[in-house]
Amino acid sequence: MSQSQTYRGGRVTDEPTEPQRMRYPCMARQCMMPGSIFPAGAKEGVCAWHYGTNASDWPRITQILLDWGCVAYEINEARRVFTDPETRCAPKVLDQLYKTAWERLQPLVPGWEDALAPGKTKAGFAESYGDWARRLEKFLGTQVHASISARRAA
Ligand SMILES: [Zn+2]
């Protein structure tokens, strides 16, 4: 393998070492989440937070995601880390990125540490970076659901 070649996906290629960042934005206007769910027949995807909701609720959902942009950022950053073979298979690197992620988020969420700080799994083990990222996803889902439910009840 020469200096200009890289090992990617189990084969040696001559592709540049800088990974291509593909972006598939959610079709909801101004949503910063990836549109990773494709409803039947759709050419564009929607994110997990907009999927299956009424289009009339989309601006409100987007606003919640923007309001919690620092959490959304960490979810997307964790996805990037876990889809990059260089980082997802390097436990020490993952540990450092996890630590850095919480150091980055903590000052932005005062008063929400109980809900957002790295904690323990239901089985009592320390959460991994992946566990934590999934919990952040659920947290955002809860915020979106609460907002829509409150709007409907009003
Ligand atoms: Zn979205």
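The structure presented is a predicted model; accordingly, all values stated were derived computationally and were not measured.

Trainee: When you look at the overall build of the protein in this model, what are you seeing that I'm missing?
Mentor: Regarding its fold elements, the protein presents six helices and two strands. Taken from N to C terminus, the helices and strands of the protein fall in the order β-β-α-α-α-α-α-α. Within the protein, residue pairs in contact and separated by at least 24 positions form 40% of the contacts whose partners lie at least 6 positions apart.

Trainee: I tried to follow helix H2 (residues 69-83) on my own but got confused; where do I start?
Mentor: One full turn of an α-helix is made of 3.6 residues, so residues set three or four places apart face in the same direction. For H2, spanning 15 residues, the distance from its first C-alpha to its last is 21 Å, which sits close to the expected 21 Å at 1.5 Å a residue. Burial in H2 covers these residues: Val71, Ala72, Glu74, Ile75, Ala78 and Val81. The elements touched by buried residues of H2 are helix H1 (58-67), helix H3 (85-88), helix H4 (91-105) and helix H6 (129-153).

Trainee: What exactly am I supposed to notice about the environment of Ala72 here?
Mentor: Following the sequence through the fold, Ala72 ends up in helix H2. Through-space distance from the C-alpha of Ala72 to that of Leu136 is 8.0 Å; in sequence the pair is 64 residues apart. In this structure, Ala72 is in contact with Met32, Met33, Leu65 and Leu140, ignoring residues within four places of it in sequence.

Trainee: What am I meant to see in the confidence of the model for the protein here?
Mentor: Summary statistics for the protein give a mean pLDDT of 87 and a share of 86% for residues scoring 70 or more. Contacts from residues 1-11, a stretch scored under 50 in pLDDT, to residues over four places away or in other chains number 12 contacts.

Trainee: What is the right way to read unusual backbone geometry from this model?
Mentor: Negative phi characterises most residues that are not glycine, and trans characterises most peptide bonds. Non-glycine residue Gln30 carries a positive phi angle of around 65 degrees. Considering the arrangement of structural elements, one finds Gln30 in the loop between strand S2 (11-13) and H1.

Trainee: For this particular structure, what's the right way to read the nonpolar core?
Mentor: Across soluble globular proteins, nonpolar side chains have a tendency to be buried as a group. Core analysis: the largest hydrophobic core is formed by 25 residues, its most contacted members being Met33, Trp49, Leu65, Ala72, Ile75, Leu136 and Leu140. Those elements giving two or more residues to this core turn out to be H1, H2, H4 and H6. Looking at this core element by element, the count peaks at six residues for H6.

Trainee: How should I be thinking about H4 in this particular structure?
Mentor: Taking 1.5 Å of rise per residue, the 15 residues of H4 would be expected to cover 21 Å, and the 21 Å separating its terminal C-alpha atoms lies within 8% of that figure. Those residues of H4 not exposed but buried are Tyr98, Ala101 and Leu105. Buried residues in H4, looked at end-on, bunch into an arc of 60 degrees, giving them a common side. Of the exposed residues in H4, those oriented more than 90 degrees away from the buried face are Lys92, Asp95, Lys99, Thr100 and Glu103. Among the structural elements, H2, helix H5 (113-116) and H6 are those in contact with the buried residues of H4.

Trainee: How should the environment of Asn76 be read in this particular structure?
Mentor: On the secondary structure map, Asn76 appears in helix H2. Spatially, the C-alpha atom of Asn76 lies 8.8 Å from that of Ala133, the residues being 57 residues apart in sequence.

Trainee: Please explain the packing of H1 against H6 as it appears in this structure.
Mentor: Relative to each other, H1 and H6 sit at 140 degrees, their axes nearing to 10 Å. With respect to H6, the element H1 is oriented oblique. Where H1 crosses over H6, the handedness of that crossing is right-handed. Taking contact as the criterion, the partners of Arg60, Ile61, Ile64 and Leu65 in H1 are, on H6, Leu140, Gln143, Val144, Ser147, Ile148 and Arg151.

Trainee: Would you explain the packing of H2 against H6 in this entry?
Mentor: For any two helices packed against each other, the geometry comes down to the angle between their axes and how far apart the axes lie. For the pair H2 and H6, interaxial distance at closest approach is 9 Å and the crossing angle is 145 degrees. Our pair here, H2 against H6, has a crossing hand that is left-handed. Contact residues: Val71, Ala72, Glu74, Ile75, Ala78 and Phe82 in H2; Tyr129, Gly130, Ala133, Leu136, Glu137, Phe139 and Leu140 in H6. Tallied by class, residues from the contact of H2 with H6 come to 10 nonpolar, one polar and two charged.

So, how was this worked out
- Residues numbered from 1 in each chain as written.
- Predicted model: local features only at pLDDT ≥ 70, side-chain atom pairs only at ≥ 80, totals over all residues.
- Helix = DSSP H or I, 4+ residues; strand = E, 2+ residues; numbered from the N terminus.
- Contact = placed C-beta atoms within 7 Å.
- Expected span 1.5 Å × (residues − 1).
- Buried ≥ 20, exposed ≤ 12 C-beta atoms within 10 Å, placed from the backbone.
- pLDDT = per-residue confidence, 0-100.
- Core = buried A, V, L, I, M, F, W, Y, C linked by C-beta atoms within 7 Å.
- Arc of directions from axis to C-beta.
- Axes fitted to C-alpha atoms, helices over the stretch in contact; angles between N-to-C directions.
- Parallel < 35°, antiparallel > 145°, perpendicular 65-115°, else oblique.
- Left-handed = near helix turned anticlockwise from the far one by under 90°.
- Nonpolar A, V, L, I, M, F, W, Y, C, P; charged D, E, K, R; others polar.

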